[in-house]
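# Architecture and fold: a report
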Amino acid sequence: MQLTVLLSQNKAKSQQGAALFVAMLFLLILSFLGGVLLSSANQGLKVVSAMGDRVGAEHLLEGEMNELIIEPNLQGVIGAMAPAASMAVSTMVTGADGTMIHTVDSVCARSFTASSNNAITQCRYVRVDATKTYGKANRASTSIAAGIEQPML
């Protein structure tokens, strides 16, 4: 019994803290990996947030375009536009940032039930460009363009 006590005391003296050093090394490595993973997760959150802002801006643009299309005065405004004239979209849709540009008067492209009695030969074409800024300090932007064909009687 006395022999086993002496052997265990000799083993403890010969290690001299090597286990502590190895454990501290593993803790250092694990801490570094944890920091890298946290940084990566933070970057992922920033990317997802930016994409959410962009999708939100695109939905706002589509909503503004839909508001413009269903505006009751749009037909009269387009009919009154002079050739090559432009006007701000915000005059028709509050808060919208863009322009309506009268591009050309030409033959109508679409005529579903055309005959000699009801053929509309002239159409006014208007291009609508709208832009929405988003993101941190509104540094990014997205835009939409649409064409409107207005038959002229």
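Bear in mind the structure is a predicted one, so any value in this text is a computation, not a measurement.

Here we take up the sheet that holds strand S1 (residues 86-88). One open sheet accounts for four strands, arranged S1-S2-S3-S4; its pairing is antiparallel. The open sheet has two edge strands with one neighbour each: S1 and strand S4 (140-152). Each adjacent strand pair in this sheet contributes to an overall mean axis angle of 25°, direction not counted. Bridge analysis of strand S3 (residues 122-134) against S4 gives 13 bridges, and the strand direction is antiparallel. Note that in S4 the partner of valine 126 across the bridge is isoleucine 148.

The tally for this structure, following the rule as stated, stands at four salt bridges. Between arginine 54 and glutamate 58 there is a salt bridge, with the nearest N and O atoms lying 3.1 Å from each other. Note that arginine 54 and glutamate 58 are positioned in helix H2 (residues 18-70) at a spacing of four residues, about one turn of the helix. According to the relative accessible area criterion, arginine 54 is partly exposed, its value standing at 37%. We note a salt bridge from aspartate 129 to arginine 127, for which the minimum N-O separation is 3.1 Å. Judged by relative accessible area, which is 24%, aspartate 129 ranks as partly exposed.

What follows deals with the confidence of the model for the chain. The pLDDT averaged across the chain works out to 83; a share of 82% of its residues lies at or above 70. For the chain, the element scoring lowest by mean pLDDT is helix H1 (residues 2-15), at 55; S1 scores highest, at 92.

This paragraph deals with the environment of alanine 96. Along the chain, the position of alanine 96 falls in the loop between S1 and strand S2 (98-107). A residue is classified by how much of its surface remains accessible, and alanine 96, at 8% relative accessible area, is buried. With 33 residues separating them in the primary sequence, alanine 96 and glycine 63 have C-alpha atoms 9.9 Å apart. Excluding anything up to four places from it in sequence, alanine 96 contacts Glu64, Val89 and Ser90.

Conventions and cut-offs
Residues numbered from 1 in each chain as written. Predicted model: local features only at pLDDT ≥ 70, side-chain atom pairs only at ≥ 80, totals over all residues. Heavy atoms only, no water. Pairing = 2+ DSSP bridges. Helix = DSSP H or I, 4+ residues; strand = E, 2+ residues; numbered from the N terminus. Axes fitted to C-alpha atoms, helices over the stretch in contact; angles between N-to-C directions. Salt bridge = Lys/Arg side-chain N within 4 Å of Asp/Glu carboxyl O. Buried < 20%, exposed > 50% of the residue type's maximum accessible area, 1.4 Å probe, protein only. pLDDT = per-residue confidence, 0-100. Contact = heavy atoms within 4.5 Å.

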